[in-house]
Each structure stands twice: as structure tokens, then as C-alpha cells.
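Inside the fold
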Amino acid sequence: MEINKELFGENQLQQIQFGLEEGLDVSWYAKPEFRWEQMEEIRFGLKEGLDVSWYAKPEFNWKQMAQIRYGLEEGVDVSVYAKPEFSAKKMKDILKLLIEFKGLL
């Protein structure tokens, strides 16, 4: 993948470099519209083998991405709250309930 370094800031390039060093498919996040914090969340998900398609979208901020990633790690149905209109705090609250509900089954 060819990266035009002029389109990215230093922290963004660092996240791309980390992903390449880790053997990840950086095409998920090597896009100028992602802030470096968003890139990092996507990279963390890729490292864990998660389905990052749920949150590798610029409309989610990095805190929302983190909540979706946590849900994927917990094995809950993230479709319930993986919506850009939900704040990260609301996502966290829903995730907590989903984890508790999962524990009751």
C-alpha cells in the first residue's frame, strides 16, 4: 500500500508504521480523515482479530470506537449501540447492561 506521507500528521504516520510493523492491514485506517487516536483504536482491534468494520468509520470518535471494541472483545451484540448518534458514555452504559445480561444467560 502506497502512503502519501504529506497527507498525514506525525502521530498518524506513527500509527500506520506501528500497524505495518505488526503485520496488520493498515488500509482499514491509513486514511487522512481519521485522527491518530481513531487509528490507534482500529489498530488495537486489528491486533485482537476483531471485526473492525463495526467502528472503522470516521463518524465515530475514538472514545466511541473504544466502547465498540470493548463490546466486540466481550462478545456482545454491538449492533445495539454502535451508532454514531450515541455518545461514548451512553455506549458505555449500554455495554455494561449487555455484559450483565450476558452473564445471566
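Here, every reference points to the structure presented above.
The following refers to the structure shown. Source: prediction; values computed, not measured. Counting restarts for each chain, with residues numbered from 1 along the sequence as it is written. Owing to the predicted nature of the model, reporting of local features is limited to residues with pLDDT of at least 70; listing and counting of side-chain atom pairs is limited to 80 or more, with chain, interface and lining totals taken over all residues. Side-chain measures were taken over the full set of non-hydrogen atoms in the model, leaving aside hydrogen atoms and water.

Some details on the environment of Lys 47
Our working rule: For helices the rule is a DSSP run of H or I covering at least 4 residues; for strands it is a run of E covering at least 2, with both sets numbered from the N terminus onward. Contact criterion: two residues are considered in contact whenever any of their non-hydrogen atoms come within 4.5 Å of each other.
By secondary structure assignment, the location of Lys 47 is in helix H2 (residues 36–47). The sequence separation of Lys 47 and Asp 25 amounts to 22 residues, and the corresponding C-alpha distance is 9.7 Å. For Lys 47, the residues in contact, after removing those within four places along its chain, are Glu 22 and Leu 24.

Brief notes about the side chain of Gln 12
Our working rule: In protein, a polar contact means a hydrogen-donor-capable atom and an acceptor-capable atom, both N or O and within 3.5 Å, with residues adjacent in sequence counting only if both atoms are side-chain atoms; elsewhere, any N or O pair within 3.5 Å suffices.
Tracing the backbone through its elements, the reader meets Gln 12 in helix H1 (residues 10–21). At a separation of 2.5 Å, a polar atom in the side chain of Gln 12 contacts the main-chain carbonyl oxygen of Phe 34. When sequence neighbours within four positions are dropped, the list of residues in contact with Gln 12 reads Leu 7, Lys 31, Pro 32, Phe 34, Arg 35, Trp 36 and Met 39.

A word on helix H3 (residues 62–74)
How we decide: Given a helix with a known number of residues, its expected span is that number minus one, times 1.5 Å. A simple rule labels every residue: compare its accessible area, found with a 1.4 Å probe on the protein chains alone, to the largest value its type can have, and call it buried under 20%, exposed over 50%, or partly exposed in between.
The end-to-end C-alpha distance of H3, which contains 13 residues, comes to 18 Å, matching closely the 18 Å that a straight helix rising 1.5 Å per residue would cover. Those residues of H3 that fall on the buried side of the exposure criterion are Gln 64, Met 65, Ala 66, Gln 67, Ile 68, Arg 69, Gly 71 and Leu 72. On its buried face, H3 is in contact with H2 and helix H4 (88–104). For H3, the side-chain oxygen to backbone nitrogen distance between the N-cap and Lys 63 is 2.9 Å, and the N-cap itself is Asn 61. Phi for Gly 75, located one or two positions after H3, is positive at around 75°.

As for the nonpolar core
So the rule is basically this: Only buried Ala, Val, Leu, Ile, Met, Phe, Trp, Tyr and Cys residues count toward a nonpolar core, and they belong to the same one when joined by side-chain atoms within 4.5 Å.
One finds Ile 16, Tyr 29, Ile 42, Tyr 55, Ile 68 and Tyr 81 to be the most contacted residues of the largest nonpolar core, which totals 28 residues. For this core, the elements supplying multiple residues, two or more each, are H2, H3 and H4. Looking at this core element by element, the count peaks at four residues for H4. Apart from residues no more than four positions distant in its own chain, Tyr 29 is found in contact with Gln 15, Ile 16, Gly 19, Phe 34, Met 39, Ile 42, Arg 43 and Leu 46.

Thoughts on the packing of H3 against H4
Convention followed: Convention adopted: a line fitted to C-alpha atoms gives each axis, helices being fitted over their contacting stretch, and angles between N-to-C directions are expressed from 0 to 180 degrees. Small angles under 35 degrees read as roughly parallel and large ones over 145 as roughly antiparallel, with 65 to 115 read as roughly perpendicular and the rest as oblique. Any residue that is not Ala, Val, Leu, Ile, Met, Phe, Trp, Tyr, Cys, Pro, Asp, Glu, Lys or Arg is counted as polar, Gly included; the first ten are nonpolar and the last four charged.
Contact geometry for H3 and H4: axes closest at 9 Å, N-to-C directions at 10°. In terms of orientation, H3 lies roughly parallel with respect to H4. Of the residues in H4, those touching H3 at Lys 63, Gln 64, Gln 67, Ile 68, Tyr 70, Gly 71 and Glu 74 are Ala 88, Met 91, Lys 92, Leu 95, Ile 99 and Lys 102. Residues belonging to the contact of H3 with H4 are distributed by class as follows: six nonpolar, three polar and four charged.

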